[in-house]
Each structure stands twice: as C-alpha cells, then as structure tokens.
Amino acid sequence: MKLFSTYNRVLLFTSIFGLLIIGYSFYHTLSHYLNKQIDSYLVEELLEVKDYTQKRKIFPAHEVFEDLVIDYKKITKIERKRNYADTVFFNPKKGIKESGRYLKEDVNLAGQNYSITIIASEIAHIDQVKSIFLVIILPVLGLLIIILLVNRYMMKRLWLPFRQLLLNLKSFNLNQEGNFEQVNTSILEFKELNDAIVDISQRVKSDYKEIKLFTENASHEMMTPIAIINSKLDMMLQSNEINEEQSQNLIDLYKATSKLTKLNQSLLLLVKIDNNLLRDKEYLNIKELVQGKMQYFQEFIQKKNIKIEQQLEDNYLSMSKYLADILLDNLIGNAIRHSQQNGLIKIELNEIKLCIKNSSEAEPLNPNNIFERFYKSPSSDGMGLGLAIVKQIAGLHQFDITYAYQDKLHIFCLTF
Amino acid sequence: MKILIIEDEELLRINIIAYLKAEGNVCDFAPTFESASQKIALYDYDCILLDLTLPDGDGLALLKEIKKLKKTDGIIIITARNSIDQRIEGLSLGADDYLIKPFHLSELGARIMAIVRRRTFNGNDLLMFNELTIDIQAKEVKVKGEPISLTRKEFDLLVYFVANKSKVISKSAAVTHIWGDNADMADSFDFIYTHIKNLRKKLLDAGSKDYFHSIYGVGYKFTDS
C-alpha cells in the first residue's frame, strides 16, 4: 500500500471518529443546555400560575397559552415533587402532535390540591439546536475535506524528490558510464538519502571496477606463464628421446593448458563485454555468418551424422563482428556438441529472431540458471562460460536470449 | 633468417630462440625497450617479434620508431593483450601480424615464414619442398609438376607443416591452427588425424614421398629424413 493511502486512511478514520464523538457530545450538551432553559421557563410558568391564583385570584390561570398547555388534575394529597421529562403531546392550537417537555408538580391552589402538568413545545428549540449544530459541524466538515485535499497535494509534492530518487535508482546501472543522477531537493531527509545513495553508488562502482580490473589483470598475468608452459611443451616435443608414456603426458598437458587458455580468454572476454570495450560495430549479414559457421563445423556435423534443417532469411544487424562470431560459435557449437549421433539440428533465422534447436539425449535444462557463469549441465564437459558469454553479448546488443525445451528439442532463441 | 626477439619474459624468450635456432635462423634478443631500440637502429632483421608490454616502455612506441627508421623488417606483435583495438592499432602502425599469448611455437614459426616469404618474394609466393611446389596465393599444390586437389584445411595443414619442417607439431597446435578458438570441441584431435591421413594419401597417390611421421599420437613431424 502506498504511504499516502496508509497515511490518509489513518487520518480519515480518526477524523470521522473524532467528528462523530465531538458531534455527539456537542449535540448532547446543547440539548441539555436548551432543556434547562425550557425547564426554567416551565418553572416560571408554574410560578405564574401560582401567582395568578394567589394574587389575582384567577383560577385556573390559563390552560393553553402560546406553545404551552397546562393541565390541572385534582388530587387528594400532595405527593409528587417537581419533575421534568420529555414527552409527545397534542398541541390544540396547531392541531398537531408535537414533541415537548413537561413539568409535573403537586401544588395547593386556592385550598385545593392539584397535580399540575405544564407542557412546552420543543419544536423551536429543536430547530435551534439543529441550526447551531449545523453551523458548527458543517464548517468543521468542510475544513476536514480541505485538509485532506491539501494533504493529498502536499504529499504528492513533498514526495516528488523521493519518487525521482527512486526512478534514478532504478535506472542506475553499474555497467554504465556516469554516476548516480542526483536529485535536487530542499528537504533535509531526502537530501540525506540522496547523499547516502550517491556515496554508496560510488563505492559500489569503484569496487566493481576494481574487481573487473583485477579479473582482467589476473587473466593477463596468467597468459604469460601459460605461454611459457606451452612453449616448454613444444620444445619437449622436439626431443628425440620421447617415449610413449611421455607422449601421453604431453597430450594431457596440452589439453590442460589449452583448457586453461580457453578459460582465461573467456574470462577476459566477459570483462571486455562488461566494460563495453568491443565497439567495432559493422553491418553484418547474419545469414552469411550462420552459413559460414556451418561450413566451419562441417567435420563435426558429418562425424556425428547430424541432420541439418535450415530456414535462413537475410538479416542485417549492426554489431561487432568479433562478438557475432563468438555468439554463433557458442550457440551452434553447443548444438553440435550436445547433439547425439544421428541427431537433428534446426536453424531458423528471420528478421525478428534466430532459433537454434538441437536434439539431445540430455534432460531439459533449467532455464533459470543455464546462463549463469560456471553453471554447466552434468553432461557438459565445457567450462560453463559459453552461455554466460552468449547472454552477455545478447545483453550488450539489447537482444533477448531464451531457452526452451519442446518436441524433444533444446531451443535457444535470440530475439533481435 | 635473422630474427630479433623483443620479449622481457626470459623463459619464453629462451624457448622461442631455441625453437627458431633449430631451424637455422640467427636469433638476437632484447629484453627491454632501451636495448631493443638500440638494436633496431644498428642492425637489420628479417623479422622482429615484438612484445607490447615491456618493463620500460610501450611496444607500440617501439613499433612507431621502427617505422620512422623506414625499416623493412617484418614485425609480429606477440602479446597477452587480446584487445581488438590494440590489434587494429598495431596492424595500422605497420605490424605484419599479431599473435596472442599463449601460442604454439610451430604457429610462430609458420607466421614468421609467411611474413618473410611475403617480403622477400614480393608476391611470387612459391614454397618448394623436394618434389612439392606450393603456390600460397593460388592455393595450389603440385607434386612433380602435377597439380593435386586439396581441401582448404588440407592445404593449410600442408603449408603449416612445411613451414615447420623437421619439427614435431603437436596435435593441439595443429587443431588450434585449423579451428582457432573453437579448438576445444571434443573430437577435434580425431579430425586432425583424419585430415592428415587424407592429405598423406593424396600426396602419396600423386607420387610424393611419405613425409608425415606420427609421434606416439601426440603430434606429427614433416621431414624427409
């Protein structure tokens, strides 16, 4: 959930809850106060009734007066003390039932005991309460809405640098030149965040650079000793006293050094692609390159008696010839290497993509990690860098590389 | 041939010299930029092997120096730095070839021979070995004057072996020569065997002597003795 929504939800909830409580208590206080007013008015009326009988000797004073109804009931004994309550009564003057408030008291009037009920209409008071209530509550409600709107606007505005920061973070790429793009803001917290990110990005970048430099240098430094081993082996081979056992040792040593060389070259290549050092772009006809590769690999294809099905259309791409060669070498080489005897390889090339499919006795591969460095299927005797290089080259040219297993074929598709 | 080896790595230098000397070449060496610079100014060589990373200077600067002196020496850059840019720079500065470490000595031998031949024969590129005549440019092989038909790879192999005659060439070197970086393809050793078997048969059928000698499965030697 968005910060803003969470914040608003809390705000809205407390506002409504608070408004309800305030409204309720306000209404009650108001009604209580007004009831008291009516009550004192009712007492005044009662005093007036008493006054009329005692001083002016008028009895009963009056029964209906304005919004007032007075009821006299003869009783034998004075029992009831003064009490007030709400009621609904018939207003004879208006001819309707109204809500009102009454005062009941037993009094002695002109020597006779009476229970007097004075009922006053509450209508006017209720209207009063309503308007007072509305006058107070409506502006409060309006204020609340305004606060919510202002909040909404402010939140959006205040968090703008944060959003920008997030966008910049997302677009930040370790491999790209240029540092993390800073965000201009006057808000201290975001400034701190910004500075922290800038700091961390620089550190990560320099660390990353160092690691790449290290890989490059280490690989380079290893080349010379390998060159020495290789030349020593070549010299040993020239010796006339070489026997069969020594020859076998030499074969193994040659194989090991060639593997070491290949590993080193692959690592160096990865670093170079990472650093985007291979920028010799040219217009290449991929179809011709694929055909060239099939020629190049022909012995391997013939030896395994692999059936080749090709559907090639012209496709011109602007990319490094060197990398295109490696890309195709790896993909086609893999297909041949992993194809079984009398297997099948299908190559499809059109304007959108290049698909290389090969039959194999191997199980479907895990598409999640086959492109990882040093990952290799149990049946592979390679180093596990070929597909990592393919992925890297694809990424550099914004191609998409996917793996699928369908109809007993391992399928690698490159989408341009 | 007179060859100057500019290489600071002593062990590698010794091997290169030993290999090239056995072919009857005269080898001189320079382990530093300074000494190399002096030798280039003083003497003429058929071929100069130039390492780009010298302890006291950049090999490319040395290359510029050689060109400034208007020397016609053939130049092969040998370096561990396999960068396209550097390769292009080196070749555009006038180097004839670019060999990346590690390399097989037989590969180096073949490259040196190719360059020296190209420079001395000015395009009239005929390589002779007893009854064999190899026309590098026309990619034609004649046995006792009669042309025989070879595949591209067989032709390349033959030239490679003739360039390293009387030397044992490892299968590994031959594989790398033919398939380059993809030499690790399983079975590639078998293919070399097949190619050489076919090549040998074609030569023998055309009346050539048998010059290929297998050395315990590790390599071959092309020799008439």
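That block above? That's the structure.
**Quick look at the overall build of chain A**
Helices and strands together make up the secondary structure of chain A, namely nine helices and 12 strands. A total of 416 residues make up chain A; the buried ones form 41% of that total. Residue pairs at least 24 apart in sequence account for 66% of intrachain contacts in chain A once pairs closer than 6 positions are excluded. Of the roughly 24,800 Å² of accessible surface on chain A, 56% is carried by carbon and sulfur atoms.

**Structural notes on the packing of aromatic side chains**
Scanning the entire structure with this criterion turns up 24 aromatic pairs over all chains. Seen in terms of ring centroids, Phe399 of chain A and Phe416 of chain A are 5.1 Å apart; in terms of plane orientation they differ by 75°. Their pairing is edge-to-face. One end of the pair, Phe399 of chain A, is in the loop between helix 9 (386-396) and strand 11 (400-406); the other, Phe416 of chain A, is in the segment after strand 12 (409-415), and 17 residues separate them in sequence. Residue classification places Phe416 of chain A among the partly exposed residues on the basis of a relative accessible area of 26%. Each residue in the set Phe129, Tyr160, Phe161, Tyr211, Phe212, Tyr220 and Phe222 of chain B is aromatic and connected to the rest through ring pairs, giving one cluster. The ring of Phe191 of chain B carries Lys303 of chain A above its face, with NZ or CZ at 5.7 Å from the centroid. Residue placement shows Lys167 of chain B over the ring face of Tyr19 of chain B; its charged tip is 3.9 Å from the ring centre.

**Points about the pattern of salt bridges**
All names here are of chain B. Under the definition given, this model contains 21 salt bridges over all chains. Across the pair Glu107 and Arg111 runs a salt bridge whose closest N-O atoms are separated by 3.0 Å. Pair noted here: Glu107 and Arg111 are both in helix 5 (residues 105-121), with a separation of four residues, about one helical turn. The shortest N-O distance in the salt bridge between Arg152 and Asp156 comes to 3.7 Å. Placement of both Arg152 and Asp156 in helix 6 (residues 152-163) is noted, with a separation of four residues, approximately one turn of the helix.

**So, the sheet that holds strand 7 (residues 97-100) of chain B**
Strand pairing in a sheet is mediated by backbone hydrogen bonds. Such pairs are either parallel or antiparallel. Residue and element names in this part refer to chain B. Strand order in this open sheet of five strands is 2-1-3-6-7, and the pairing throughout is parallel. Here the strands that pair on one side only, and so sit at the sheet edges, are strand 2 (26-30) and strand 7. The average angle at which neighbouring strand axes cross in this sheet is 20°, direction not considered. Bridge analysis of strand 1 (residues 2-6) against strand 3 (residues 47-51) gives four bridges, and the strand direction is parallel.

**Overview of the state of the cysteines**
Residue and element names in this part refer to chain A. Summed over all chains, the structure comprises one disulfide over all chains. A sulfur-sulfur separation of 1.9 Å characterises the disulfide bridge that pairs Cys355 with Cys413. In this structure, the disulfide formed by Cys355 and Cys413 twists by about 105° around the S-S bond and is classed as right-handed. Of this pair, Cys355 sits in strand 10 (residues 353-359) while Cys413 is found in strand 12, placing the two residues 58 residues apart along the sequence. Under the relative-accessibility criterion, Cys355 is labelled buried at 5%.

About the cut-offs
- Residues numbered from 1 in each chain as written.
- Chains lettered and ligands numbered in written order.
- Predicted model: local features only at pLDDT ≥ 70, side-chain atom pairs only at ≥ 80, totals over all residues.
- Heavy atoms only, no water.
- Helix = DSSP H or I, 4+ residues; strand = E, 2+ residues; numbered from the N terminus.
- Buried < 20%, exposed > 50% of the residue type's maximum accessible area, 1.4 Å probe, protein only.
- Contact = heavy atoms within 4.5 Å.
- Areas by Shrake-Rupley, 256 points an atom, 1.4 Å probe, with all protein chains shown as cover.
- Phe/Tyr/Trp six-rings, centres within 6.5 Å; stacked < 30°, edge-to-face > 60°.
- Lys NZ or Arg CZ within 6 Å of the ring centre and 35° of its normal.
- Salt bridge = Lys/Arg side-chain N within 4 Å of Asp/Glu carboxyl O.
- Pairing = 2+ DSSP bridges.
- Axes fitted to C-alpha atoms, helices over the stretch in contact; angles between N-to-C directions.
- Disulfide = S-S within 2.5 Å.

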